[in-house]
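Notes for the structure review
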Amino acid sequence: MANPSGQGSNKVYSFKIVLIGDVNVGKTTLIESFVSGAFKSPEPTIGFSNKIKEINIGGKQLKLSIWDTAGQERIRGNTARYYEDADGIALVYDVTERSTLNNLVNKWIKQMEEHTTKEKCVKILVGNKIDKESERVISKDEGKALADKHGFLFIESSAKIKENVDKCFKDLALKILDEIDDKKPKKDDVPEKKPPSTPQPPTVKPEPPTVKPEPPIVKPEPPTVKIEPPKPKSSEKPSSYSATPPCKRCC
Ligand SMILES: Nc1nc2c(ncn2[C@@H]2O[C@H](COP(=O)(O)OP(=O)(O)O)[C@@H](O)[C@H]2O)c(=O)[nH]1
Ligand SMILES: [Mg+2]
């Protein structure tokens, strides 16, 4: 969820929004009123379901997948799946029933914190049924103080007379969009461009040549055999033999 799809102005942002709070506070009626615009007494929600509503905010196309549930008992076992990947959560109470606000504090907020998977999940506290002003037991200031304490957005609504119903979902969606924009690097966050540096000599050390030097080829010298004249035998008398042939005239 929260992933824009498409190009340029055709981008569609998909957000998952879940509603939590006690049975009978008006969650299903709020969704019906926002999605279809009609107020009707709905059947009590069994398990959980989701409705899709496409809206345009500030030129941005949003596809809201709004998840609805009955009381905590009904979503037990699927609780993690219900909260998983939620971009926004509406915590609803009935301004005429104190226990519904107490249960948000003691039960629903804890469960939400335990199961929310997205770090930047936006929450809005919704005090519903303000059309029953004469029966009101929770003041606007008390609701606002609780929202401020937890860092939630705050709104009071009436699903019956359709007061602040659209605003409730639009305020939530707008804040989710803000959070997405916060994640994008801002102009100031862009790291300065470094001037092109002068090319540095490579730091890689030249490897020694792997070729083993060949041993020098030694040319065998021709054998220096000395031819000595034959030695006269010691027993032999020196002869008058001469290598020179005898002269035919005088000898
Ligand atoms: N007077 C009044 N009744 C409401 C309002 N919202 C819901 N209801 C009624 O409260 C009852 C419970 O509403 P429902 O949406 O089923 O509550 P959920 O259990 O939280 O989903 C129904 O009878 C609704 O018609 C509201 O703003 N004002
Ligand atoms: Mg319901």
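Structural notes, computed from the coordinates.

Cut-offs and rules
- Residues numbered from 1 in each chain as written.
- Chains lettered and ligands numbered in written order.
- Predicted model: local features only at pLDDT ≥ 70, side-chain atom pairs only at ≥ 80, totals over all residues.
- Helix = DSSP H or I, 4+ residues; strand = E, 2+ residues; numbered from the N terminus.
- Buried ≥ 20, exposed ≤ 12 C-beta atoms within 10 Å, placed from the backbone.
- Contact = placed C-beta atoms within 7 Å.
- Pairing = 2+ DSSP bridges.
- Right-handed = clockwise from strand over helix to strand, strands pointing away.
- Core = buried A, V, L, I, M, F, W, Y, C linked by C-beta atoms within 7 Å.

**Quick look at the overall build of the protein chain**
Secondary structure summary: the protein chain contains 6 helices and 7 strands in total. The order of helices and strands in the protein chain, counted from the N terminus, is β-β-α-β-β-α-α-β-α-β-α-β-α. Considering the protein chain as a whole, with its 251 residues, one finds that 27% of them fall into the buried category. In the protein chain, of all internal contacts separated by at least 6 residues, the share reaching a separation of at least 24 is 69%.

**A look at the environment of Gly88**
Structurally, Gly88 is set in strand E5 (residues 88-94). It is 9.3 Å that separates the C-alpha atoms of Gly88 and Lys118, two residues lying 30 residues apart in sequence. Once residues within four sequence positions are removed from consideration, Gly88 is found in contact with Phe15, Ile17, Cys121, Val122, Leu172 and Ile176.

**Re the pairing of E5**
Judged by how many residues are buried, E5 sits mostly within the fold: 7 of 7 residues are covered. Taking every second residue as pointing to the same face, both faces of E5 are buried, with Gly88, Ala90, Val92 and Asp94 on one and Ile89, Leu91 and Tyr93 on the other. Here 4 bridges tie strand E2 (residues 12-20) to E5, and the two strands are oriented parallel to one another. What sits directly across from Ile20, in E5, is Leu91. With 7 bridges joining them, E5 and strand E6 (residues 122-128) adopt parallel strand pairing. Looking across to E6, one finds that Gly88 is bridged to Val122. Each parallel crossover has a hand, and the one from E5 via helix H4 (residues 98-115) to E6 is right-handed.

**Comments concerning the nonpolar core**
Judged by nonpolar contacts, the single largest core of 41 residues is most densely connected at Ile17, Ala90, Ile124 and Leu172. Put simply, the parts of the chain that give this core at least two residues each are E2, helix H1 (27-35), strand E4 (60-69), E5, H4, E6, strand E7 (153-156) and helix H6 (165-183). With 7 residues, the single largest contributor to this core is H6. Apart from the residues lying within four places of it in its own chain, the contact partners of Leu172 are Ile17, Gly88, Ala90, Val122, Ile124 and Leu153.

**Description of the pairing of E6**
Burial runs high along E6: 7 of the 7 residues are buried. Of the two faces of E6, the one lined by Val122, Ile124, Val126 and Asn128 and the one lined by Lys123, Leu125 and Gly127 are each fully buried. When E6 meets E7, the two strands line up parallel, connected through 4 bridges. Among the inter-strand pairings, Leu125 is bridged to a residue of E7, identified as Phe154. A crossover links E6 with its parallel partner E7, the connecting element being helix H5 (residues 140-150), and its sense is right-handed.

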